[in-house]
Amino acid sequence: MKTTRLKAVLLTFASFFIVFALTACGSTNSSSRTGTGGKETSSATSASAVPSHLNVALFWLGTNLDPAVEWNGWTLTRAAIGETLVQFDENMQLVPKIAESWEQVDDTTWKFQIRDGVTFHNGNKVTADAVKKSIERALELNERGLSTLPIESMKAEGQDLTIQTTEPYASLLGNIAEPLFVIVDTSADTSKFESQPVATGPFMVTSYTPDQEIQVKKYDGYWDGAPETDTITFKYIKDDSTRALALQSGEIDVASNVGRSSLSLFEDKGQYAIDEIPSLRTQFVWFNTTHKLLENANVRRAISYGIDREMYAGTLIGGQAAKGPFTSALPFGYDKLKGYDYEPEQAKQLLDEAGFKDTDGDGIREKDGQKLKLQMILNSAYESDATVAAAMQSQLKEIGVNLELASYEDLTDHQRSGNYDLALTSINTGITGDPQYILDFYFKTGAEWNVGGYSNPKLDEIIDRLHSEFDVEKRYELAAEAQQIILDDAAYMFITYTPINIVSKNTVQGATMYPIDFYLLDRNIKVEQQ
């Protein structure tokens, strides 16, 4: 793995809030990699007789292409169709995109300078008013909107956009980079955005087939210079193994998240390039704390002590054994946390204390006549989850817990309805470069994705304090305190911090994996035609 990039992520996050609080960042980074070079290259390409085309496999596709609906914005940023005001680079540094620069005026006021020369795919100019209307649309249509950006008001004058928040909101910059806030032209026919959004990225949609593929072509009016690749087909191939086979057969040129067992197929550097890095994803388990057998925290703690995270990470799927929700690459207090090591004897003792004993000699504990039998749901497409689930099933049986596994293409309905005992999945916990969003979204009482029914008023109070705490070190202390409460309550079980990769044919240049998987391609992607 690229440890240098991991260190870069760490160092960048450590200075994250200092950088943006000092303000007016931005304008220099972008211009240096823009313009002239890209446009000259583009001209050369246009002279080519053979249009260049790329086939890319996506491991996830939203419900449609409207970025204001559900999580669809992630598809637009990955496919280089849509852009936000700012975005994270490969070192997790916030860099300008549609906003050329920004300034924090006070605890509740932010000013953004919208870049001149940016146009939507229909040729309309991107003004501050257009940006304002796009953000307003996202806030109106998506229930995650106001919880992600608590905006009191916005004012647009020319290319200047002023945002007033309802409260001091330290994580605004990272949150506005969330793809939910991809800038779109609201003066266009928004009823067509499900299949043809009008955004600002280097590629524009030409056709969309739900659950199958997106066809795009380069946008010649792109503000940073037209891409060199003429057209791209993004194919939705959810299953890890199928994606690897498609790459090996030549059906696709680029694939992200190739399963670890398949990576050896692409080690020939004469044919393929592999870019694997530590990601910001944490593989973790939701406990349904409303389940009768899981109401007792000692049962949850026993299960947490009963699995060997080090072995999973070291020999099964790669990455790093997890301690809390945030990877050790993030400076949110990882070193201060006490997690759960593999301690089967401690697990057995906790189950004894909880009253679960194996009285009939079948190896499974019971209490009041009820077997300690639980079901864990997982996503059928993800190899790493299936591998870890099988290992957990085996190890938990050794402490007297019968874990049944059930795989589904989508866990959403099961989790939202509470129709599960344990749920294993992998979540990007660094999406805003700050702990607040994830703590708010997954762990606070009544939060949208606190689907396990967990509640701790002290934790809620700490999360609320984060909203108005601008001091970086104090934010990290609060984050560590919040994580330790979650760990002590054993409301979730954190398994591994998973690596992430992108594999491409050697004819492709510019395929780079980002720690935050909002992004996959940009205008620099190019392919040699064979």
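Student: Residue-level account of the overall build of the protein chain, with values.
Tutor: Helices and strands together make up the secondary structure of the protein chain, namely 17 helices and 21 strands. Against the 2.2 N^0.38 benchmark of 24 Å for 530 residues, the protein chain shows a C-alpha radius of gyration of 24 Å, consistent with a compact globule. For the protein chain, the spread of C-alpha atoms along the principal axes amounts to about 80 × 55 × 45 Å. Buried residues in the protein chain amount to 59% of all 530 residues. If you sum the accessible surface of the protein chain, you get close to 20300 Å²; carbon and sulfur atoms cover 46% of it. The protein chain carries 47 positive and 75 negative side-chain charges, and their two centres are separated by 1 Å.

Student: Tell me about helix α15 (residues 435-443), and name the residues and values.
Tutor: By the criterion of burial, α15 is predominantly enclosed, with nine of the nine residues buried. Residues Pro435, Gln436, Tyr437, Ile438, Leu439, Asp440, Phe441, Tyr442 and Phe443 constitute the buried set of α15. Between a side-chain oxygen at the N-terminus of α15 and the backbone nitrogen of glutamine 436 the separation is 3.1 Å; the capping residue is aspartate 434.

Student: So, empty space enclosed by the protein: which residues are in play, and what are the values?
Tutor: One way to see where empty space is left: roll a probe the size of a water molecule over the atoms. The final tally for this structure, using the stated rule, is three cavities of 30 Å³ or more. Computed from the structure, the largest cavity encloses a volume of approximately 60 Å³. Lining the largest cavity we find Leu58, Phe59, Trp60, Arg78, Ser256, Asn257, Ile500, Met513, Asp517, Tyr519 and Leu520. Of the residues assigned to the lining of the largest cavity, the class counts are seven nonpolar, two polar and two charged.

Student: Provide a residue-level description of the confidence of the model for the protein chain, including the pertinent values.
Tutor: In this model, the protein chain carries a mean pLDDT of 88, and residues with pLDDT of at least 70 account for 90%. With pLDDT under 50 throughout, residues 1-47 is counted as low confidence; its partners more than four residues away or in other chains account for 89 contacts.

Student: Before we move on, could you go through the environment of glycine 369 and cite the residues and values that matter?
Tutor: Within the element layout of this structure, glycine 369 appears in the loop between β14 (366-367) and β15 (370-371). Sequence separation between glycine 369 and threonine 359 is ten residues; the distance between their C-alpha atoms is 9.5 Å.

Student: Which residues make up the packing of aromatic side chains, and what values go with them?
Tutor: Using the criterion set out here, one finds 25 aromatic pairs in the structure. Taking 5.3 Å as the distance between ring centres and 50° as the angle between the ring planes, the aromatic pair formed by tyrosine 222 and tryptophan 223 counts as tilted. As far as burial versus exposure is concerned, tyrosine 222 and tryptophan 223 are alike and both buried. Its end group placed over the ring of tryptophan 71, arginine 144 keeps NZ or CZ at 3.5 Å from the ring centre. Directly above the aromatic system of tyrosine 334 lies the positively charged group of lysine 323, at a separation of 4.4 Å from the ring centroid.

Student: Just give me the short version of the pattern of salt bridges, but keep the residues and values in it.
Tutor: Inspection of every chain in the model, using the stated rule, returns 23 salt bridges. Note that lysine 371 and glutamate 366 form a salt bridge whose closest N and O atoms lie 3.0 Å from each other. Taking the relative accessible area as the measure of exposure, lysine 371 reaches 27% and is therefore partly exposed. Overlapping salt bridges bring together Asp360, Asp362, Glu366 and Lys371 as one network.

Student: Summarise the environment of proline 202; cite the residues concerned and give the values.
Tutor: By the secondary structure assignment, proline 202 is in the loop between α8 (172-176) and β8 (203-209). Given the relative accessible area of 5%, proline 202 is considered buried. On a C-alpha basis, the gap between proline 202 and valine 527 in space is 16 Å, while along the polypeptide they are 325 residues apart. Leaving out residues up to four positions away in the same chain, proline 202 has contacts with Ala80, Glu83, Lys217, Lys218, Tyr219, Tyr222, Pro227, Asp522 and Arg523.

Student: Talk me through the packing of α15 against helix α16 (residues 457-467); I want residue IDs and the actual numbers.
Tutor: Direction vectors running N to C along α15 and α16 enclose 145°, while the axes themselves pass 10 Å from each other. Here α15 and α16 pass one another in a crossing that is left-handed. Where α15 approaches α16, its residues Gln436, Leu439, Asp440 and Phe443 are matched on the opposing element by Leu459, Ile463, Leu466 and His467.

Student: Pulling in residues and values, what's your account of helix α13 (residues 383-398)?
Tutor: If you check α13, its first and last C-alpha atoms are 24 Å apart, about what 16 residues at 1.5 Å a residue would give, namely 22 Å. Among all positions in α13, only Glu383, Asp385, Val388, Ala389, Ala391, Met392, Gln395 and Leu396 are buried. Two residues or fewer past α13, glycine 400 is found with a positive phi of approximately 95°.

Student: Residue-level account of the sheet that holds strand β6 (residues 151-157), with values.
Tutor: Hydrogen bonds between backbone atoms are what pair the strands of a sheet, whose relative direction is either parallel or antiparallel. Overall, antiparallel pairing links the four strands, which are arranged β4-β5-β7-β6 in an open sheet. Of all strands in the sheet, those with a lone pairing partner are β4 (99-106) and β6, marking the two edges. For this sheet, the mean angle separating the axes of adjacent strands, direction not counted, is 20°. Of the pairings in the sheet, the one linking β6 to strand β7 (residues 160-165) comprises six bridges and is antiparallel in character. Bridge pairing in β7 links methionine 154 to isoleucine 163. Contacts from helix α6 (residues 128-141) reach β5 (109-114), β6 and β7, with the element oriented near 155° to β6.

Student: Got a sec to walk through the packing of α16 against helix α17 (residues 472-489)? Specific residues and values, please.
Tutor: Direction vectors running N to C along α16 and α17 enclose 160°, while the axes themselves pass 10 Å from each other. Between α16 and α17, the angle falls in the class roughly antiparallel. As α16 runs across α17, the sense of the crossing is left-handed. Every residue of α17 that contacts α16 at Lys458, Leu459, Ile462, Arg465 and Leu466 is listed here: Arg475, Leu478, Glu481, Ala482, Ile485 and Ile486.

Criteria and thresholds
- Residues numbered from 1 in each chain as written.
- Predicted model: local features only at pLDDT ≥ 70, side-chain atom pairs only at ≥ 80, totals over all residues.
- Heavy atoms only, no water.
- Helix = DSSP H or I, 4+ residues; strand = E, 2+ residues; numbered from the N terminus.
- Rg over C-alpha atoms; globule rule 2.2 N^0.38 Å.
- Buried < 20%, exposed > 50% of the residue type's maximum accessible area, 1.4 Å probe, protein only.
- Areas by Shrake-Rupley, 256 points an atom, 1.4 Å probe, with all protein chains shown as cover.
- Lys, Arg positive; Asp, Glu negative; His and termini not counted.
- Charge placed at Lys NZ, Arg CZ, Asp CG, Glu CD.
- Polar contact = N/O pair within 3.5 Å; in protein donor to acceptor, adjacent residues only side chain to side chain.
- 1 Å grid on protein atoms, 1.4 Å probe; cavity = no way out; pocket = protein on both sides within 12 Å on 5 of 7 lines; lining within 4 Å.
- Points joined across faces, edges and corners; volume = space filled by probe spheres on them.
- Nonpolar A, V, L, I, M, F, W, Y, C, P; charged D, E, K, R; others polar.
- pLDDT = per-residue confidence, 0-100.
- Contact = heavy atoms within 4.5 Å.
- Phe/Tyr/Trp six-rings, centres within 6.5 Å; stacked < 30°, edge-to-face > 60°.
- Lys NZ or Arg CZ within 6 Å of the ring centre and 35° of its normal.
- Salt bridge = Lys/Arg side-chain N within 4 Å of Asp/Glu carboxyl O.
- Axes fitted to C-alpha atoms, helices over the stretch in contact; angles between N-to-C directions.
- Left-handed = near helix turned anticlockwise from the far one by under 90°.
- Expected span 1.5 Å × (residues − 1).
- Pairing = 2+ DSSP bridges.
- Parallel < 35°, antiparallel > 145°, perpendicular 65-115°, else oblique.

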